[in-house]
Amino acid sequence: MEILVLNGIVNGLVVGGVYALIGMSLTLLYGVLRVVNFAHGEMVIGGSFLAYVLFNALGIPPLLALPVAAAAFFALGYVAYYLLIPRLARSDDPESMSFLMMYGVSIALAALMLVIFEADSRSIDYSFTPISMKIGPVYVSTARIVALGITIVVAAAMSAFLFLTLPGKALRAAIMNREAIQIMGVDIVRLSAFAFALAAALAGITGVLVALVFPAFNAFSGPEYSIIGFIVIVLGGLGNPIGALIAGVLYGLVEQMATVFLPQAMAQIVGFGLLVAAVLLRNGGLARLTGLTRLWGGR
């Protein structure tokens, strides 16, 4: 039982790290633009398919696919913003309209991936040397350890960017008060386009990690990750990327530990129960429950 618990903790940290990046990119998008991006899961799976194509067609390993995915999705996100988002500003209810529009985009992206890659599940037949590493009494695949390390690096880099750089502080200010920064002379359109592109780049990176961590993916896998992303951002506090990081790790740990003590079908129920409990205990999720709202606001 001890080995099973330790294995659940390790897997929970790995899976939770992936969930955290999904939540961080999704809440960044919602916080700055107030866009409910239901197509975020398809963007993540798009990153997985990009890594698959790079490896099978060009022989580029997943680690080298990370910067390619980040750059490609950043560019695509920048273009997509100007094609899709400005129209929402003229709507009477931008948030509801964004949900409907992005839901349509998610269907279109899933259909496009289905046409290109068909319905078969795909995986990247790539292994590190050694295949697994021993952490105490538990053997963990090297791919998962590498994915966890990349997640930590990306999360730390994003946190440093948001708190230490001028563009990052502008994004935080936009999340806290979008109207006030426009009075201060910030070009909100350019900042919003950058936020959309940055969220897309994070989705592309996460997609490569999904291909490393999970055994398979297909054109219909997107909604699963979108739902997980929404759970994480509500659990961590809407518009709080740091809260989303913590919530993603916590959700991953709870989900994996639930599979140790309960039937696998119960794992998602436990995760949803954690979400409901956090919302009922204090509106605003873990960010307000742990005082992260003050940290995020810089006070």
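Refer to the structure above for everything that follows.
Quick caveat: nothing in here was measured; it's all calculated off a predicted structure. (Residues numbered from 1 in each chain as written. Predicted model: local features only at pLDDT ≥ 70, side-chain atom pairs only at ≥ 80, totals over all residues. Heavy atoms only, no water.)

Undergrad: A description of the overall build of the protein chain should follow, citing residues and the corresponding values.
TA: The number of helices and strands found in the protein chain is 13 helices and 2 strands. Per-residue burial for the protein chain yields a buried fraction of 50% across its 299 residues. Put simply, of all contacts in the protein chain between residues at least 6 apart along the chain, 78% involve residues at least 24 apart. For the protein chain, the exposed surface amounts to about 13900 Å²; the carbon and sulfur share of it is 69%. (Helix = DSSP H or I, 4+ residues; strand = E, 2+ residues; numbered from the N terminus. Buried < 20%, exposed > 50% of the residue type's maximum accessible area, 1.4 Å probe, protein only. Contact = heavy atoms within 4.5 Å. Areas by Shrake-Rupley, 256 points an atom, 1.4 Å probe, with all protein chains shown as cover.)

Undergrad: Describe the side chain of Ser-221, listing the residues and the values that go with them.
TA: Here Ser-221 shows up in the loop between α8 (188-213) and α9 (222-236). A distance of 3.0 Å separates a polar side-chain atom of Ser-221 from the backbone nitrogen of Asn-218. (Polar contact = N/O pair within 3.5 Å; in protein donor to acceptor, adjacent residues only side chain to side chain.)

Undergrad: Can you break down the packing of helix α1 (residues 2-33) against helix α5 (residues 142-164) residue by residue, with the values?
TA: It is at 9 Å that the axes of α1 and α5 come closest, and there the two elements cross at 35°. Seen along the crossing, α1 lies across α5 with a hand that is left-handed. Residues Asn-11, Leu-13, Val-14, Val-15, Gly-17, Val-18, Leu-21, Met-24 and Leu-28 of α1 form the contact with α5, whose own contacting residues are Arg-144, Leu-148, Thr-151, Val-154, Ala-155, Met-158, Ser-159 and Leu-162. Among the residues forming the contact of α1 with α5, the class breakdown is 12 nonpolar, 4 polar and 1 charged. (Axes fitted to C-alpha atoms, helices over the stretch in contact; angles between N-to-C directions. Left-handed = near helix turned anticlockwise from the far one by under 90°. Nonpolar A, V, L, I, M, F, W, Y, C, P; charged D, E, K, R; others polar.)

Undergrad: Break down a nonpolar patch on the surface for me, citing the residues and quoting the values.
TA: Together, Met-97, Phe-99, Leu-100, Tyr-103 and Ile-107 make up an exposed nonpolar region whose accessible area comes to about 480 Å². The residue Ile-107 is located in helix α4 (residues 94-117) in this model. (Patch = residues over 30% accessible without salt bridge, like charges linked within 9 Å, V, L, I, M, F, W, Y side chains within 5 Å. Salt bridge = Lys/Arg side-chain N within 4 Å of Asp/Glu carboxyl O.)

Undergrad: Give a description of the pairing of strand β2 (residues 138-141) that names residues and reports values.
TA: Residues Val-138 and Val-140 of β2 are buried on one face, while the alternating residues Tyr-139 and Ser-141, pointing to the opposite face, are not. Sheet topology note: the strand β1 (residues 132-135)/β2 ladder contains 4 bridges and is antiparallel. The partner of Met-133 across the bridge, within β2, is Val-140. (Pairing = 2+ DSSP bridges.)

Undergrad: A description of helix α2 (residues 40-58) should follow, citing residues and the corresponding values.
TA: With 19 residues, α2 should cover 27 Å at 1.5 Å per step; its first-to-last C-alpha distance of 26 Å lies within 8% of that length. Burial analysis of α2 places 14 of its 19 residues in the buried class, which makes it a mostly covered element. At the exit of α2 stands Gly-59, carrying a positive phi of roughly 75°. (Expected span 1.5 Å × (residues − 1).)

Undergrad: Lay out the side chain of His-40 with the relevant residues and their values.
TA: Looking at the secondary structure, you find His-40 in helix α2. Among the residues examined, His-40 registers a relative accessible area of 1% and is labelled buried. For His-40, the residues in contact, after removing those within four places along its chain, are Ile-22, Ser-25, Leu-26, Ala-199, Ala-203 and Ser-226.

Undergrad: Which residues make up unusual backbone geometry, and what values do they have?
TA: Cis rather than trans, the peptide bond between Thr-129 and Pro-130 has omega equal to 0°. Along the chain, Pro-130 falls in the loop between α4 and β1. Its identity is not glycine, yet Glu-118 carries a phi of approximately 65°, on the positive side. Here Glu-118 shows up in the loop between α4 and β1.

Undergrad: Now, about the nonpolar core: what can you tell me, with residues and values included?
TA: Counting 81 residues, the largest nonpolar core has Leu-28, Val-32, Leu-33, Leu-171, Leu-209 and Phe-214 as its most contacted members. Considering each element in turn, this core owes the most residues, 17 residues, to α8. Beyond its immediate chain neighbours, meaning those up to four positions away, Leu-28 contacts Met-158, Leu-162, Leu-171, Ile-175, Ala-195, Leu-198 and Pro-241. Grouped together as the second largest cluster of nonpolar side chains are 6 residues, Leu-26, Tyr-30, Phe-230 and Ile-233 included. (Core = buried A, V, L, I, M, F, W, Y, C linked by side-chain atoms within 4.5 Å.)

Undergrad: Tell me what's going on with the packing of aromatic side chains, and back it up with residues and numbers.
TA: Here the structure, examined in full by the defined rule, presents 16 aromatic pairs. Geometrically, the ring pair formed by Tyr-19 and Tyr-251 is tilted, given 5.6 Å between the ring centres and 45° between the ring planes. Separated by 232 residues along the polypeptide, Tyr-19 in helix α1 and Tyr-251 in helix α10 (residues 241-261) bring together distant segments of the chain. Classification of Tyr-251 by relative accessible area gives buried; the value is 2%. What links up through ring pairs into an aromatic cluster is the set Phe-74, Tyr-78, Tyr-81, Tyr-82, Phe-161, Phe-194 and Phe-196. (Phe/Tyr/Trp six-rings, centres within 6.5 Å; stacked < 30°, edge-to-face > 60°.)

Undergrad: Describe the packing of α5 against α8, and please don't skip the residues or the numbers.
TA: For the pair α5 and α8, interaxial distance at closest approach is 9 Å and the crossing angle is 165°. By the criterion of interaxial angle, the relationship of α5 to α8 is roughly antiparallel. For α5 against α8, the interelement crossing comes out left-handed. For the pair α5 and α8, contact is made by Ala-143, Arg-144, Ala-147, Ile-150, Thr-151, Val-154, Met-158 and Phe-161 and by Phe-194, Leu-198, Leu-202, Ile-205, Leu-209, Leu-212 and Val-213, respectively. Taken together, the residues of the contact of α5 with α8 break down into 13 nonpolar, 1 polar and 1 charged. (Parallel < 35°, antiparallel > 145°, perpendicular 65-115°, else oblique.)

So, to be careful, I would describe these as geometric facts and stop short of saying anything about function.
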